[in-house]
Structures are given as structure tokens and as C-alpha cells.
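# Residue-level structure breakdown
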Amino acid sequence: MWTARTAALALLALPLAALAPRQDPPAPKDQEPKKAPAPFDERADARKDIAAALARAKKENRRVLIEWGANW
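The text that follows walks through the structure, step by step, so that each part is easy to find.

Scoring rules and cut-offs
- Residues numbered from 1 in each chain as written.
- Predicted model: local features only at pLDDT ≥ 70, side-chain atom pairs only at ≥ 80, totals over all residues.
- Heavy atoms only, no water.
- Helix = DSSP H or I, 4+ residues; strand = E, 2+ residues; numbered from the N terminus.
- Expected span 1.5 Å × (residues − 1).
- Patch = residues over 30% accessible without salt bridge, like charges linked within 9 Å, V, L, I, M, F, W, Y side chains within 5 Å.
- Areas by Shrake-Rupley, 256 points an atom, 1.4 Å probe, with all protein chains shown as cover.
- Salt bridge = Lys/Arg side-chain N within 4 Å of Asp/Glu carboxyl O.
- Buried < 20%, exposed > 50% of the residue type's maximum accessible area, 1.4 Å probe, protein only.

## What to know about helix 2 (residues 46-60)
If you check helix 2, its first and last C-alpha atoms are 21 Å apart, about what 15 residues at 1.5 Å a residue would give, namely 21 Å. Phi for Asn 61, located one or two positions after helix 2, is positive at around 55°.

## Here's the deal with a nonpolar patch on the surface
Where nonpolar side chains cluster on the molecular surface, the patch consists of Leu 54, Val 64, Ile 66 and Trp 68 and spans about 430 Å² of accessible area. Within the secondary structure layout, Leu 54 lies in helix 2.

## Thoughts on the pattern of salt bridges
The tally for this structure, following the rule as stated, stands at three salt bridges. Where Arg 43 meets Asp 41, a salt bridge forms, and the shortest distance between an N and an O atom there is 3.5 Å. By relative accessible area, Arg 43 is classed as exposed at 75%. When the shortest N-O distance is used, the salt bridge between Glu 60 and Arg 62 registers 3.8 Å. What makes Glu 60 partly exposed here is its relative accessible area of 39%. By relative accessible area, Arg 62 is classed as exposed at 62%. Linked by salt bridges that have partners in common, Arg 56, Glu 60 and Arg 62 make up one network.

Here it is, written out as C-alpha cells:
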């Protein structure tokens, strides 16, 4: 039998269920997940890029900020 308290709890639970995170169905086994692109260009020549940046910075009277990283 429904009481006023049970009815109130049921009405409060409905909006909360809509806010719950949705779970995507699992991907089919024949499809592999897409691989994210590498954050850094593996073919880049760091010495060449730094020399070009330093030359441009000197010409434009600016500074150079070097961001170090790797594809780990």
C-alpha cells in the first residue's frame, strides 16, 4: 500500500534518475576502438624547430617558450 511518504519518495526519485550518467552500450567485438592521435609529431626535428623559433623571436624582439613532451 502506498503511503504519502512512499509517494513523495517516488516523485523525488524520478528527476534524479534522469540525471544519472548514461552508459553507452559496449562496442561490437569486431570493431576496434579508435586510436587517439599522437599529441606530438614524431617526425619533427626539435633542433631545427628551436633554431627557427629563436631566429624568429630575435627578429621580432620576442621570447621563446619551449614545451617539452613525449608520446608515452
